[in-house]
Every structure is written in C-alpha cells, then in structure tokens.
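Close look at the chain arrangement
In case you want the letters, here they are:
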Amino acid sequence: MLSRVVVVASAVVALALAGHSLIPSLGGFTPVLESLLPWMGVAVPLLLLLALLARSRAAALAALAPGLVWAAMFGSTLLAAPPGGPSDLAVGTVNVGVRNSASGEAVKAIAEGLDLLAAQELTPGGPAAKQLNKMFRYRYPVSTVGLWSRYPISETSPLDVGMGWPRALRAVVTTPKGKVTVYVMHLASARPGHTASRDASLAHARRLVDGDPSKRVLLLGDLNTATTDRGMRGLTPPLTDAQSVAGDGFGFTWPAEFPITRPDHILFRGMTATKAGVAPATGSDHRAAIASLRF
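All of the points below concern the structure found in this document. Since this is a predicted model, take the numbers as computed values, not measurements.

Scoring rules and cut-offs
- Position labels on residues start from 1 in each chain and follow its written sequence.
- Given that the model is predicted, a residue must reach a pLDDT of at least 70 before its local features are reported, and side-chain atom pairs must reach 80 or more before they are shown or counted; all residues, however, enter totals for whole chains, interfaces and linings.
- Water and hydrogen atoms play no part in the side-chain values, which are based on all heavy atoms of the structure.
- Numbered from the N terminus, helices here are DSSP runs of H or I no shorter than four residues, and strands are runs of E no shorter than two.
- Both definitions apply: the radius of gyration is a C-alpha atom measure, and the globule rule equals 2.2 Å times residues to the power 0.38.
- The cut-offs for exposure are 20% and 50% of the maximum accessible area for each residue type, with area from a 1.4 Å probe on protein chains only; residues under the lower value are buried, those over the upper are exposed, and the others partly exposed.
- Contacts are residue-level and defined by heavy atoms, with any inter-residue pair within 4.5 Å sufficient.
- The accessible surface values rely on the Shrake-Rupley method and a 1.4 Å probe; as for residues, cover is taken only from the protein chains in view.
- Two strands qualify as a pair provided that DSSP identifies no fewer than 2 bridges between them.
- To obtain an axis, a line is fitted to C-alpha atoms, over the contacting stretch when the element is a helix, and the angle between two such axes runs from 0 to 180 degrees between their N-to-C directions.
- To estimate how far a helix should extend, the number of its residues minus one is multiplied by 1.5 Å.
- Directions from the helix axis toward the C-beta atoms define the arc.
- Buried Ala, Val, Leu, Ile, Met, Phe, Trp, Tyr and Cys residues that are joined via side-chain atoms within 4.5 Å together make up what is termed a nonpolar core.
- Note on aromatic pairs: the rings of Phe, Tyr and Trp (six-membered ring only in Trp) are paired at centre separations within 6.5 Å, and the planes decide the class, stacked below 30 degrees, edge-to-face beyond 60, tilted for the rest.

A word on the overall build of the protein chain
- Counting secondary structure elements, the protein chain contains 8 helices and 12 strands.
- Scaling as 2.2 N^0.38, a compact globule of 295 residues should have a C-alpha radius of gyration of about 19 Å, and the protein chain matches this with 21 Å.
- Split into buried and exposed, the 295 residues of the protein chain put 51% on the buried side.
- Summarising the internal contacts of the protein chain: among those between residues at least 6 apart in sequence, 66% fall at separations of at least 24.
- Here the protein chain displays about 13300 Å² of accessible surface, and carbon together with sulfur accounts for 63% of that area.

Listed below in structure tokens is the structure:
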C-alpha cells in the first residue's frame, strides 16, 4: 500500500510541475500554487524516504521522476552564475512597508551604491522618503510609490494601473550613457481565489509597456506576481527579468523572515543585466531586489 501511495504521489507531483500551465486557473488558486512551484521539489526527498520505508525499488524509481522534472525546470537557476562585466546603471526596488518605523534605516542601507531606487508603500513625508531625499538629488514621488535618482528625471507622469487611483509612475532618467524610461509600479494584491484585480492591473501594465516606444525600458516594483506565476507571461516577454538572467538562485523576497516567493521585480528592455540579487530591508516584510545593467 505504501509503495502504491508513493508511485501515485510521485506521478501527481511530476505532472503538476511539468503541466502546471495547463491546469485551469480555478478561480485564482492555481496562480498562487505556481508562486510556490520551486518548493514542490521538497516533496522528492520525502517520497524517496517513504519508498525506502516501503522497501520498493519501483517506488524509489517513481520518486525520482518529479526530481528529474524539477531539475530540468529549476536546475539552471541554481547553477547559473551572473554574467558580470562592466555596468552602467545600478538599480533597486523595495516595498518599505507601510507600518515600518525603520524604513529610513532600511532604504539607507539599500540605496548605498545605487543610481536608482524605487520604493512602494511609502508614507508621504515619512522616514523612507526623508532619508532618500538626503541621498539622491532627483526624485519623483506619486502617492505611495516613488523614484529616486542620481541622474536628472524628466517627462514624469502618475499612472493608474486599473485600480482607480495612481499607484504607479513613469519617468525618463537621463544617464551619462543615455536615456532610460522607468516605470515604478505596485500592482493589486493576489490571494488564493482572489486574483482578478491583480490580473487586471497586470494587463494594464502590459498595455503601457507595449505602447512605449522608448529604446530602453525599466520596470521596478512590487508586482504581487511571482516569477513562476502564469501572470508574468504578460510581461516577460516583452521584458526580461534581471534575476532570471543575471541572478544567483531564485531571489525570493517575501516574506522577509523566510522568503518563499518573489513578488518584487526588476524587468528591462534594451539593456543587458550583469548582476542581480536581494538585499535585506530592515523592518519591512519584503526584501529588496537589486540589479546592475549595461546599456
């Protein structure tokens, strides 16, 4: 009986990994499952242990099947090394946490060495904004999101990504190597069974990106969408995920104490990512995403 359970469970895990995109949304439950997709690999050692207890070679072989599927899907993520090389722009994005009294300390540590920093869940005039105003010459805050830059900011505009109020912005940053159009976004939240608002804001973000003729585009923010969530197919492509091509590992950012998924993203077009990673953010329930880019 135990051997049969292992075989069936192994088949279910392998099929869920390989065919997750074919599973219906089920009212928004499947995208949330996809957010945790890399963690399904934890099932493999448990299944092997049960196969060992069952003393079944067939069960052990069956337990290896989801392991092989997982390795094919995520092995390159764990083994990849950042391409490195010279970079022209160091950027970051962080959800500072609306109730974070230490947000000033958090952004100070993150912003060191960066050329651009996007922030979400800002309190206007709060500690994070005050600290960033001291560190960067140029800034453009809109409601609860903002962009701080070492280089001039122009062509600014607040954006409503389908939520009824501006929780995003667009700006053009003029660097010594040329201009880059920057979007900062905080999309609608997604919860099991409740992803419709998030999906609508993702679609709105895609329309903005598709309609932007800029040579270089950078999208920074808390998109409430994991890298493995089917919703990201609306943005990558046409944009490229810096963590996917230049990061070391999965780059999980939430929750900060023990990150299990990555809702915070640095997406780009018209540039090359040389390095990407994650930085701690004191007091926030998110960690920060950071990356270096070459024009």
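Looking at the sheet that holds strand β10 (residues 264-269)
- The 6 strands are arranged β5-β6-β7-β8-β10-β9 in an open sheet whose pairing can be described as mixed. If you trace the sheet from one side to the other, it starts and ends with β5 (153-159) and β9 (240-241), each paired once.
- Of the pairings in the sheet, the one linking strand β8 (residues 217-222) to β10 comprises 6 bridges and is antiparallel in character. The residue of β10 that forms the bridge with Val217 is Arg269.
- The strands that helix α7 (residues 196-210) touches are β5, β7 (178-186), β8 and β10; relative to β7, the one it contacts most, it runs at about 170°.

Topic: helix α3 (residues 43-54)
- With 12 residues, α3 extends 16 Å from end C-alpha to end C-alpha; this agrees with the ideal 16 Å at 1.5 Å per step.
- Listed in full, the buried residues belonging to α3 are Val44, Leu47 and Ala51. Down the axis of α3, the sector holding all buried residues measures 65°, keeping them to one side. Across α3 from its buried face, at more than 90 degrees, point the exposed residues Pro45, Leu46, Leu52 and Leu53.
- Buried residues along α3 sit against α1 (2-18) and α4 (57-79).
- In the segment just after α3, Arg55 is the residue with positive phi, at about 55°.

Here we look at the nonpolar core
- Within the largest apolar cluster, 28 residues are counted, with the highest numbers of intra-cluster contacts made by Val91, Leu147, Val182 and Leu218.
- Leu218 has contacts with Leu89, Val91, Leu116, Val180, Thr181, Val182, Tyr183, Ile266, Leu267, Phe268, Met271 and Leu293, leaving out every residue within four places of it along the chain.

Brief notes about helix α6 (residues 127-135)
- When α6 is considered as a whole, its buried residues turn out to be Ala128, Ala129, Gln131, Leu132 and Met135. The buried side chains of α6 occupy one side of the element, clustering within an arc of 165° when seen end-on. Projecting away from the buried face of α6 at angles above 90 degrees are the exposed residues Lys130 and Lys134.
- Those residues of α6 that are buried lie in contact with α5 (103-111), β2 (116-120) and β4 (145-149).

Some words on the environment of Gly247
- The topology assignment puts Gly247 in the loop between α8 (242-246) and β10.
- Considered as a pair, Gly247 and Leu79 are 168 residues apart in the sequence and their alpha carbons are 10 Å apart.
- With residues near it in sequence (within four places) discarded, Gly247 still touches Ala80, Ala242 and Ala276.

Some details on the packing of aromatic side chains
- One pass over the structure, following the stated rule, counts 6 aromatic pairs.
- Their ring planes at 25° and their centres at 5.8 Å tell us that Trp39 and Phe252 sit as a pair that is stacked. Of this pair, Trp39 sits in the loop between α2 (29-35) and α3 while Phe252 sits in the loop between α8 and β10, and the two are 213 residues apart along the sequence.
- Look at Trp39 and you get partly exposed, because its relative accessible area is 33%.
- The exposure class assigned to Phe252 is buried, which follows from its relative accessible area of 17%.
- For the pair Phe74 and Phe250, a centre-to-centre distance of 5.8 Å together with 70° between the ring planes defines the contact as edge-to-face. Of the two residues, Phe74 is situated in helix α4 and Phe250 in the loop between α8 and β10; the sequence distance between them amounts to 176 residues.
- Its relative accessible area of 6% is what places Phe74 among the buried residues.
- Taken together, the ring pairs connect Trp39, Trp70, Phe74, Phe250, Phe252 and Phe258 into an aromatic cluster.

Everything listed here is a matter of geometry and, on its own, says nothing about what the molecule does.
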